[in-house]
Amino acid sequence: MIPVNYFLILSIILFVLGTIAFFVKRDLITQFMSIEIMFNAANLAFLAFAKSAGSLDGQIIVFFVITVAAAEAVVGLAIILLIFQKKKTIKSEDIKLMKG
Amino acid sequence: MTDYFWLIPLIPALSTLILVLFGQKLPKKYVSFQACFAIFASFAISVISFIGLLQTSHEHLPIIKNLFSWIHAGSFHADLALQLDPLSSIMTLVVTGVGFLIHVYSVGYMADDEGYTRYFTYLNLFTFAMLILVMGSNLVVMFVGWEGVGLCSYLLIGFWFDKHSAANAGKKAFIVNRIGDAAFLLGIFFIFINIGSGEFSVINAAIGGGAITHSLATLIAILLFVGAIGKSAQIPLYIWLPDAMEGPTPVSALIHAATMVTAGVYMVARMNVLFTFSGSANSIVAIIGAVTAVFAATMALTQNDIKRVLAYSTISQIGYMFIGCGVGAYAAGMFHLYTHAFFKSLLFLAAGSVMHALSGELNMQKMGGLRKYLPFTYPTFLIGAIAIAGIPFLSGFFSKDAILTSAYANGQYFVWALGIFGAVLTAFYMFRLIFLTFFGNERLEPEAKKHLHESPPAMTIPLVLLAFFSIVAGYVGLPVVAGKNLNFFGRFLEPVIQQAHEVHLSLGTEWMLILISVAVAVTGIFIAWVFYIKNPKIPHNFVAKFPGLYKLLYNKYYVDEIYNTLFVNSTIKGSEIAYDHFDLKVIDGIVNGSAKTTNFLGKVLSYFQTGFIKDYALIFLLGAILLIGYLLF
């Protein structure tokens, strides 16, 4: 049996990669994808803990997260589509409508 | 026969209510009829109650009608209760009797005024408040009436409120009265703290039982008397009364001569047990009264406005009433109140009639020779003047003489001397008024002369009736020299008024005192005759000789100016300083400061709102790291 630490280390690596990608990449689609990676890093951590603790709670949460992530992907992609229609760009630097 | 006495104040109250609710829709004729009839009904019940009171034995006094328990909070208790005793009975007779005649007079006087309904509403309301004042069986109810008459006085002084001076005079009266009322209220509080009740009978019994010390009694009495000073226009709070002449003349007659301004005297007489117990408070009352009597009379000497002369005369005469109370002769003070109500309202109404005849002219220098044009006004005015001057066999003589004799008998020679001096001045200024108005050359404006006419019967009939009473009213209180026990007035008041140690003078001294007061009255009239009929140049020479003195009197000792500088301007200045430094800096500073702080914080925080999604994410990340770090370590 693979120790839980291995899963966690992988989860951290995935999460950090996702975070770095979010800050380094400039177009919204890629940033969106890096967010998805972070989600899945978290999912992995949940599953690892669930497995080691022998409880189903973590697995149930993962199902919820996947469902919500699917819904979020729909909304997020729709927003990105609309932004592109309006501004003819998906570069996140060009979008600063919310400046205070 | 005294069963229904509690209706006396309620009838005018009901009439007021109807006029307030429906007055604007009712025809003028009905309004005046109802207003007059309400007062007449009150008067009729007053007379019936008075007769009933004469047949009631002293043990059953006062007759109290408890309408309902009004305030009941902890140990504080006050009923809305009315009482009938000799003192309140006399006051109700005066208020409703004189009040009725003045209502009738007003029908003629105010006939063309647009505020006709409003006028009669106020007048009825005033009568109601005044009756509550005199019939309240405790200090709380009395205070309600006290404030009620103050309010009506304000409303009626400022009746022609579109006239700037009238509006200002109303305000002045209200504010000056407030000073006295504050002290009066403090006095009531002291009584409630120390005696625990405002009922007059309880207070009198408690003082008799030694519930309060002499010094406390003096403090309370002085506080109450300050209230009386405000309401009754004595030094130093008299300044509002001359200005109150801005109101309609019947109002001056009813409120500012016959009834409301004498409320202070009534209150002192009502609290006579307290004042007598204190002793030193009584001396203060006598001194203030005597000084006011002379001081106000000197100011009346030089005034040219016919109503202002009468106003100063009222202040002076109320001073006499206070002399009576102050020397312990409360009955004499009340007697003067009662006779004064007749002749002073007569004088005011007659002055109103003169004004009416001259299309509103008030300046006596523009009158003269009117006696042949005003066949009713002239003789009635003359009767009023003779009565107030203190010529024998008219009412004013008996009452003024009773006061001065009591002052002398109690050894207050200084007060007596001031009273005598005031009597000379009174005779002089009243006959100066008569001679300037009705005798001498006609100095009328041509415009006024064209419209010159005697007043309608609604105005002359009350004049004649009041003149009749000014003559006969005094015969209920004859002096000792006329025979023993002829002072019905004094004996009637005995159940209410504690008899102080009365000093009896020998008959010879009594005669001497009467002769002196008659002599000074005649002297005053004679001097006026020399000055204004025989040799009209004398006043001018006099003014030329003593310009300083004349100016001082003509400007009323500059008291208004002094008060303006000392109190009014300093208050205004103080307010301005408070406005500049406190309002603008502190209050506005706090308000604007909070807005500015919010604005500043918003600006600082808005630096974080760059609009770039990565910045938000970075802050979010840092926050998450900090939070995790905090949880871990």
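1. A closer look at the overall build of chain A
In terms of regular secondary structure, chain A is built from three helices and zero strands. Shown N-terminal to C-terminal, the secondary structure of chain A runs as helices and strands in the order α-α-α. Its C-alpha atoms give chain A a radius of gyration of 17 Å, clearly above 13 Å, the size a compact globule of 100 residues would have. Oriented by its inertia axes, the alpha-carbon framework of chain A measures out at about 50 × 25 × 25 Å. Expressed as a percentage of the 100 residues in chain A, the buried residues total 10%. For chain A, long-range pairs separated by at least 24 residues make up 47% of all intrachain contacts whose partners lie at least 6 apart in sequence.

2. A word on the overall build of chain B
Per the secondary structure count, chain B includes 26 helices and two strands. Projecting the C-alpha coordinates of chain B onto the three principal axes gives extents of approximately 115 × 65 × 55 Å. Considering only contacts within chain B whose residues lie at least 6 apart along the sequence, 81% involve residues at least 24 apart.

3. Section: the interface of chain A and chain B
Residue-level contacts link 10 residues of chain A with nine residues of chain B. Here the residues of the side of chain A that touches chain B are counted per class, giving four nonpolar, three polar and three charged.

4. Topic: the packing of helix α1 (residues 7-22) of chain B against helix α4 (residues 116-135) of chain B
Residues and elements named next belong to chain B. The geometry of α1 relative to α4 is characterised by a closest axis approach of 8 Å and an angle of 155 degrees between their N-to-C directions. Considering the angle they form, α1 stands roughly antiparallel to α4. The crossing of α1 and α4 is left-handed. Contacts between α1 and α4 involve Ile8, Pro9, Pro12, Ala13, Ser15, Thr16, Leu19 and Val20 from the first element and Thr117, Phe120, Thr121, Asn124, Leu125, Thr127, Phe128, Leu131, Ile132 and Met135 from the second. For the contact of α1 with α4, the per-class residue count stands at 12 nonpolar, six polar and no charged.

5. Considerations on the packing of helix α2 (residues 28-55) of chain B against α4(B)
Residues and elements named next belong to chain B. Running from amino to carboxyl end, α2 crosses α4 at an angle of 10 degrees, the nearest separation of the two axes being 10 Å. Put simply, α2 runs roughly parallel to α4. Residue-level contacts link Lys28, Val31, Ser32, Ala35, Ala38 and Ile39 of α2 to Tyr116, Thr117, Phe120, Leu123, Asn124 and Thr127 of α4. Its residues placed into classes, the contact of α2 with α4 shows seven nonpolar, four polar and one charged.

6. Topic: the nonpolar core
All names here are of chain B. Grouped together as the largest cluster of nonpolar side chains are 204 residues, with contacts concentrated most on Phe126, Val268, Ile323 and Phe431. Element by element, the count of residues in this core is highest for helix α15 (residues 330-357), at 18 residues. Each residue touching isoleucine 323, except ones within four places of it in the same chain, is listed here: Ala286, Gly289, Ala290, Ala293, Ile403, Ala407, Val415 and Gly419.

7. Some words on unusual backbone geometry
All names here are of chain B. In this structure, the amide linkage connecting isoleucine 235 to the following residue, proline 236, adopts the cis form with an omega of 5 degrees. One can find proline 236 in the loop between α8 (214-231) and α9 (240-243). Its identity as a non-glycine residue notwithstanding, serine 359 has a phi of 55 degrees, on the positive side. The phi dihedral of tyrosine 558 is positive, around 55 degrees, even though this residue is not glycine. Classification of tyrosine 558 by C-beta neighbours within 10 Å gives exposed; the count is 12.

8. Focus: helix α10 (residues 249-258) of chain B
All names here are of chain B. In terms of residue burial, α10 counts as a mostly covered element, since 10 of its 10 residues are buried. Turning to α10, its buried residues are Thr249, Pro250, Val251, Ser252, Ala253, Leu254, Ile255, His256, Ala257 and Ala258. In this structure, the buried residues of α10 make contact with α3 (86-109), α4, α5 (139-157), α9, α14 (306-326) and α15.

9. Let's talk about the confidence of the model for chain B
Where the model shows low pLDDT, its predicted coordinates should not be examined in detail. On average, residues of chain B carry a pLDDT of 89, and 99% of them reach 70 or more. Among the scores for the predicted complex, ipTM is 0.85 and pTM is 0.81.

10. Let's talk about the pairing of strand β1 (residues 63-73) of chain B
Residue and element names in this part refer to chain B. By the criterion of burial, β1 is predominantly exposed, with just one of the 11 residues buried. Where β1 meets strand β2 (residues 76-84), nine bridges bridge the pair, whose relative direction is antiparallel. Opposite histidine 72, over in β2, you have histidine 77 as the bridge partner. The antiparallel hairpin formed by β1 and β2 contains two residues in its connecting segment, where glycine 74 sits at a positive phi of about 60 degrees.

11. Describing the environment of Glu59(B)
Residues and elements named next belong to chain B. Mapped onto the elements, glutamate 59 comes out in the loop between α2 and β1. Note on glutamate 59: 6 C-beta atoms within 10 Å, which makes it exposed. Put simply, glutamate 59 and isoleucine 516 are 457 residues apart on the chain and 41 Å apart in space, counted from C-alpha to C-alpha.

12. A short note on the environment of Phe435(B)
Residues and elements named next belong to chain B. Residue placement: phenylalanine 435 occurs in helix α18 (residues 413-438). Judged by local crowding, phenylalanine 435 falls into the buried class, with 20 C-beta atoms found within 10 Å. As for phenylalanine 435 and glycine 524, which are separated by 89 residues in sequence, their C-alpha atoms are 13 Å apart. If we skip the residues at most four places from it in the chain, phenylalanine 435 touches Gly440, Ala528, Trp529, Tyr532 and Ile533.

Conventions adopted
- Counting starts from 1 at the beginning of each chain's written sequence and moves along it residue by residue.
- Starting at A for chains and at 1 for ligands, labels are handed out in the order in which the entities are written.
- Only residues with pLDDT of at least 70 are given local features in this predicted model, and only at 80 or more are side-chain atom pairs given and counted; all residues enter the totals for whole chains, interfaces and linings.
- Secondary structure follows DSSP: runs of H or I at least 4 residues long count as helices, runs of E at least 2 residues long count as strands, and numbering of each begins at the N terminus.
- This radius of gyration counts C-alpha atoms alone. The globule rule is 2.2 Å times how many residues there are, raised to the power 0.38.
- With C-beta atoms placed from the backbone, a residue is buried if 20 or more other C-beta atoms are within 10 Å of its own, exposed if 12 or fewer are, and partly exposed between those counts.
- Two residues qualify as a contact pair if the distance between their C-beta atoms, derived from the backbone, is within 7 Å.
- The classification used treats Ala, Val, Leu, Ile, Met, Phe, Trp, Tyr, Cys and Pro as nonpolar, Asp, Glu, Lys and Arg as charged, and all other residues, Gly among them, as polar.
- For helices, the axis comes from a line fit to the C-alpha atoms of the stretch in contact; other axes are also lines fit to C-alpha atoms, and the angle between any two N-to-C directions lies between 0 and 180 degrees.
- An angle counts as roughly parallel when it lies under 35 degrees, as roughly antiparallel when it exceeds 145, as roughly perpendicular when it falls between 65 and 115, and as oblique in every other case.
- Note on convention: near helix rotated counterclockwise from far helix by under a right angle means a left-handed crossing. Clockwise means right-handed.
- The nonpolar core criterion groups buried Ala, Val, Leu, Ile, Met, Phe, Trp, Tyr and Cys residues into a set whenever they are joined through C-beta atoms within 7 Å.
- Looking at any residue, its pLDDT shows the predictor's confidence there, from 0 to 100.
- Two strands make a pair as long as DSSP finds a minimum of two bridges between them.

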